[in-house]
Each structure stands twice: as C-alpha cells, then as structure tokens.
Amino acid sequence: MKAEGYSAMHEFWGNLRSIPNHVYRAVFRGGPPKTDRTRSSFIFGNVFLHLHSVRTHLWSLRWSTTMGLGIMTTAAFLITLVTGILLMFYYKPYTDVAYQSIKDIHFIVPTGRLIRNIHRWAANLMVVAVILHMARAFYTASYRKPREFNWFIGWGLLVTTLGLSFTGYLLPWDQLAYWAITIGANIAQSPREITDAIGITSWFDIGGLQREILLGSDRVGAEALIRFYLLHVMLLPLMLAGLMAVHFWRIRKDGGLAKPEHADERVIDEAKEFYPVFTDVPNKTYHLAAVVKGKTPQVGSGPEHTVPSMPHLFYAELGVLMLTTLICVGLAFMSDAPLKELANPMVPENPAKAPWYFLGLQEIVSFSAFMGGIGIPMLCIVGLGLIPFLDREKKGTGEWFGGPGGWKLVKWSMVFGFGVSIAVEAFAIRFGWLREWLPDIPQMIITFVNPGTVITLCFAIYSIWSVRRYNSTRAGALALFTCFLCGFIVLTVIGTYFRGPNWNFYWSPADWGGH
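Residues numbered from 1 in each chain as written. Predicted model: local features only at pLDDT ≥ 70, side-chain atom pairs only at ≥ 80, totals over all residues. Heavy atoms only, no water.

Undergrad: Report on the overall build of the protein chain, specifying residues and quantitative values.
TA: Within the protein chain, the secondary structure is distributed over 23 helices and four strands. The burial tally for the protein chain puts 45% of its 515 residues in the buried class. Partitioning the contacts of the protein chain with sequence separation of at least 6, the portion at a separation of at least 24 is 76%. Element-wise, carbon and sulfur atoms account for 68% of the exposed surface of the protein chain, whose accessible area totals about 28200 Å². (Helix = DSSP H or I, 4+ residues; strand = E, 2+ residues; numbered from the N terminus. Buried < 20%, exposed > 50% of the residue type's maximum accessible area, 1.4 Å probe, protein only. Contact = heavy atoms within 4.5 Å. Areas by Shrake-Rupley, 256 points an atom, 1.4 Å probe, with all protein chains shown as cover.)

Undergrad: Account for the pattern of salt bridges, with residues named and values stated.
TA: For the structure on display, the rule yields six salt bridges. Where D391 meets R144, a salt bridge forms, and the shortest distance between an N and an O atom there is 3.1 Å. Residue D391 is located in the loop between α18 (369–390) and α19 (406–431), and its partner R144 is located in the loop between α8 (112–139) and α9 (148–169); the two are separated by 247 residues in the primary sequence. On the accessibility criterion, D391 (2% relative accessible area) is buried. Salt-bridge contacts for K340 lead to E349; the nearest nitrogen and oxygen are separated by 2.8 Å. With relative accessibility at 33%, the residue K340 sits in the partly exposed group. Judged by its relative accessible area of 18%, E349 falls in the buried class. (Salt bridge = Lys/Arg side-chain N within 4 Å of Asp/Glu carboxyl O.)

Undergrad: Before we move on, can you summarise helix α10 (residues 175–188) with the specific residues and values?
TA: Spanning 14 residues, α10 covers 20 Å between terminal C-alpha atoms, matching the ideal 20 Å at 1.5 Å per step. Burial within α10 is extensive, with twelve of its 14 residues counted as buried. Within α10 the residues assigned to the buried category are Q175, A177, Y178, W179, A180, I181, T182, I183, G184, A185, I187 and A188. (Expected span 1.5 Å × (residues − 1).)

Undergrad: Describe the packing of aromatic side chains, and please don't skip the residues or the numbers.
TA: This model, assessed by the stated rule, comprises 29 aromatic pairs. When the centroid spacing of 5.4 Å and the interplanar angle of 70° are considered together, the rings of F12 and W13 count as edge-to-face. Between F401 and W407, the aromatic rings sit 4.8 Å apart at their centres with planes inclined by 40°, giving tilted as the arrangement. For R469, the ring lying beneath its charged end belongs to Y470, and the centroid distance is 4.8 Å. (Phe/Tyr/Trp six-rings, centres within 6.5 Å; stacked < 30°, edge-to-face > 60°. Lys NZ or Arg CZ within 6 Å of the ring centre and 35° of its normal.)

Undergrad: Before we move on, can you summarise α9 with the specific residues and values?
TA: With 22 residues, α9 should reach 32 Å at 1.5 Å per residue; the first-to-last C-alpha distance of 32 Å fits that figure. For α9, a buried count of 16 out of 22 residues is recorded, marking the element as mostly surrounded by other parts of the structure.

Undergrad: Would you mind going over the nonpolar core in detail, with residue names and values included?
TA: A general trend in soluble globular proteins is that nonpolar side chains are found buried together. With 56 residues, the main nonpolar core has Y91, F138, Y139, W151, L170, W173 and V220 as its most contacted residues. By residue number, the principal contributor to this core is α8, which donates eight residues. Taken domain by domain, this core gets at least three of its residues from each of domain 1 (58–278 + 303–349) and domain 2 (381–515). If near-sequence neighbours (up to four positions away) are discounted, V220 is found in contact with L170, W173, Y178, I181, T182 and L215. (Core = buried A, V, L, I, M, F, W, Y, C linked by side-chain atoms within 4.5 Å. Domains from an automatic or database assignment.)

Undergrad: Before we move on, could you go through the packing of helix α12 (residues 206–215) against helix α13 (residues 222–253) and cite the residues and values that matter?
TA: Where α12 contacts α13, the axes come no closer than 7 Å and their chain directions differ by 70°. Taken together, the axes of α12 and α13 are roughly perpendicular relative to one another. Contacts from E212, I213, L214 and L215 of α12 reach α13 at E223, A224, R227 and F228. In terms of residue class, the contact of α12 with α13 is made up of five nonpolar, no polar and three charged. (Axes fitted to C-alpha atoms, helices over the stretch in contact; angles between N-to-C directions. Parallel < 35°, antiparallel > 145°, perpendicular 65-115°, else oblique. Nonpolar A, V, L, I, M, F, W, Y, C, P; charged D, E, K, R; others polar.)

Undergrad: Residues and numbers for the side chain of T456, please.
TA: The residue T456 is located in helix α22 (residues 451–470) in this model. Using a relative accessible area of 15% as the deciding quantity, one classes T456 as buried. A polar contact of 2.9 Å, which involves the side chain of T456, links it to the backbone oxygen of G452. Those residues in contact with T456 that lie beyond four places of it in its chain are I376 and F484. (Polar contact = N/O pair within 3.5 Å; in protein donor to acceptor, adjacent residues only side chain to side chain.)

Undergrad: Report on the side chain of K353, specifying residues and quantitative values.
TA: Along the chain, the position of K353 falls in the loop between α16 (309–334) and α17 (359–365). From its side chain, K353 meets the backbone oxygen of T496 in a polar contact 2.9 Å long. Of the polar contacts made by the side chain of K353, one reaches the backbone oxygen of R499; its length is 3.0 Å. The residues contacting K353, other than those within four sequence positions of it, are A180, I183, L359, Q362, G495, T496, Y497, R499 and W503.

Undergrad: Describe a nonpolar patch on the surface, and please don't skip the residues or the numbers.
TA: Nonpolar side chains collect at one region of the surface, where L78, L81, V82, I85, L86, M88, F89 and Y90 lie side by side and expose about 750 Å² of accessible area between them. Relative to the assigned elements, L81 resides in helix α6 (residues 69–88). (Patch = residues over 30% accessible without salt bridge, like charges linked within 9 Å, V, L, I, M, F, W, Y side chains within 5 Å.)

Have a look at this one:
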C-alpha cells in the first residue's frame, strides 16, 4: 500500500532531479577509488583496464624502465584510429574520385587538413615507437622466460604496424603514393630474380604470385586501391587490436615487466612512502582446493614494493597519452601531409621512393632485388623470432644492456655497425659493384654477392666473435642486433637524403639538375 499523501508526480520529479547522481553510481559502482579495495575494483570492473595487474611494481613505474614506449605506441594507434574514422566520412576508395576526395579533405572540409596531418604524424610516430619499444625489450632482455610468447606477439605487432602504414600510403592516389606502392609491389615480385636465373619462372613464378596477391592484378589500379583500403581500415586494425590485447594480457600473466634480480632493494627508498600490506614473503600459492607449491611469476613476490595501479599506473598512462597527442598535434601544425599530382602511370616519379621505413630495403634492393627485398628481411625476421630460444641465460634480465659485455659491447657494436655500413656503401657508390666491373657476370652471383649480403656477413662474423669473446650467446645477440639497427639507420638515411634521379648518389637535391 502507498503511504498516505503519496504523490507519483512528486516522486517522478524527485527521480528526474537525481538522474545525474544515479547515472554516476550505475557507472562507478564502487565509489571513488580511495582505498586499496576500491582501487582494485576500479581495475577489475573496467573492460579496458582489467588487463592490468591490480598492483604495479615501483621499478616498472620508473621512466627509465620503459620510457613509456609501449603506451606511446598504443596512444598513437588510438589517435590514428579516431582520426582515420573521421577521414572515412569523406574519403572515397575509387580511382576516379580518391584523389579529389583527399583534396576536398585537405582544402574544403573544416579542420580536414589538421585531421589528416594528425593521422599522418600519428602513424609515423607509431612506427618509430614500436621499433624503439622492441629495441627496449631486447636491450633489457625482456624476451626471456616466461616472456618468449609475448616477444612473438611484439614481433607480430611490429609487422602489422608496418603493414598498416604501408597500406595507407596508397589511399591518396597521388604520384607519391602510386609509385611508392609500385616499388613495394616490385619488391614482392623480387623472387623472379632467382627463378629467371635458373629458368623456372614460366612454371613456378612465386614472385609474380606474391605481386598479384598484393595488388589483386598485374598492375597498380582499382583492384589494388580497394584491396589496400579494406586491409587498412578493417583487417589490419582488427588484427592489431587483438594482438595488443593479448600483449597486455601476457604482461600481466607473466608477472609484469621484467625486473632486475635486486629490483626490490633498488626501490627501497621510494617504497618507504607506501605502507606494506604484509611483510612475510609468500612461498606458496593458495587455491580453493588446497595449498600447493607453485612456480608462477607471483610466487615469492610480495606487495611491499608495489603500488595500486589506480591511480599510479593509470595516471602515468594518461600522461603518455597526453604527451603523444601533443606531439602529433604540434607536428600537424608544423608540417602538412604530402599531396602531389594525381597518379599517372605514364609519368613515373624520378626518383620514386618507398615510404621512409622501407627506404633501407630499397637501398639494398637497388643492388639485388631478391636479397634486398626478401632474403635479408627474412633473415632478420627469423632471427628476431629465435632470440628467446637462443639466449637462455639469466644474467642481466631487466637491466639495460644487461649481460656479458654490457654497454661497452653495445658501444663498440655501434662503432662497428655504423663503420661497416658506411664503408661498404661508400665503396659501392664510389666504385660501383660487380655488374659495372664485369657486365657478363651471372645474375646468381650478383644476387648473393652484393653490398647488402657483404654487410650482413660482416655483422654475422662480428656476432660470432662476440659470442666467443664473452662466452655468451647474449653477447652475440647484443652485437648482432645493434649492428643491424645501425645498418638500418645508415641505409635509411642514404635512401632518404642522398639518392636522386635514377637512384644515383647526390650530396644534395640541389645537385639533381633537370630530369
């Protein structure tokens, strides 16, 4: 029964006035996260944050531990995702109107130029951040047990990120995009260098098949544009989001970020600001059915040197997100995304250059299409994947440049890597290579004896020397990874700034002359 004097209208107006408070309580059921319990509930009850651990070790929160590179990569992806969705409202993925739609976005749509610029810079920042993030994981030996699988996931994130940037390159349908993708398609076709040399291309054309799968045709046209558009806006983003979710989940399940053996002692002063939950270090894991011994990453790890992820980790991630956004917006105001003339298959760009992250490949492709485009990249990819299984040492895990040799070995590897790359490239640019000396030399020799393979061989020999010098597979990995990183930088710089028409060497674009 209703109480005497009850008024439904009075209750209705009261409910209406309290809607904001009720909505807030429906969304944030645990109240403000002010205690350890409510902070834990905040992490557990959030669909995005539940991949995080409830507590984070103080070592992992240090800026020098990760430099925020993983979160910066995630933030750059979110920025490209949001700006990409906005661009999709106006972009038309058809060869006859794609270029005009980009011009409309750039010159007519309100804030269209800014959104496109942010999208472009966020994509480039994401490529840089994911490369540096993988380098950080390598140099801190964060790929070791039990994190081998997550290293594979990180490798997949790197490849998918490059694929996202590459597929987006064609969408403006201008001269720069058209001829850059043409170069990429020719790299995919590079196995023909081998099949032509041994005379089996007519019945086994793996290079032509790869090119056709990539373009959907035998040339860059409407089929390639719609294929790249589908990959760019749907398949690759979904794949990247899935890999990122697994990557974050594995970080939690593997016991957080890799830490040095004595990380607790190193953060003892910082830990004094926080009270311990309990002092006895656990040596068992507790289950509902029984008390059992265990070897999970959580065993033997008490909470004394940890803090609640909310607010400490959460605020740190928000800070990196804000910094990443600031960088992208600042660069967007300073530099416009390029837009050249409408794509014209009859007027090739000279020089026609791939995206900057593939210019190192294009440089060695100029000497051998197969080894530069397929052989050496596959060696690098396979080598990266095998690192956790070749280096099973424990010394130096979680330490920057940890392990035998350490920073001294890395410094000398940088000198060797830069020195060999510059010396071999300078020799080839100044004196040419085998084809210029011996015009009738067999193509198979050119394929396997070229500047790219010589540089790779020198790096491999230096890595083997490092293994023997320090009696450590970790030392060999440090040497080889550092050398390849330096070689990538040298080849990218040469391809970007010193290659001109007909891929000739020039000290400055001012020396190009008419062409």
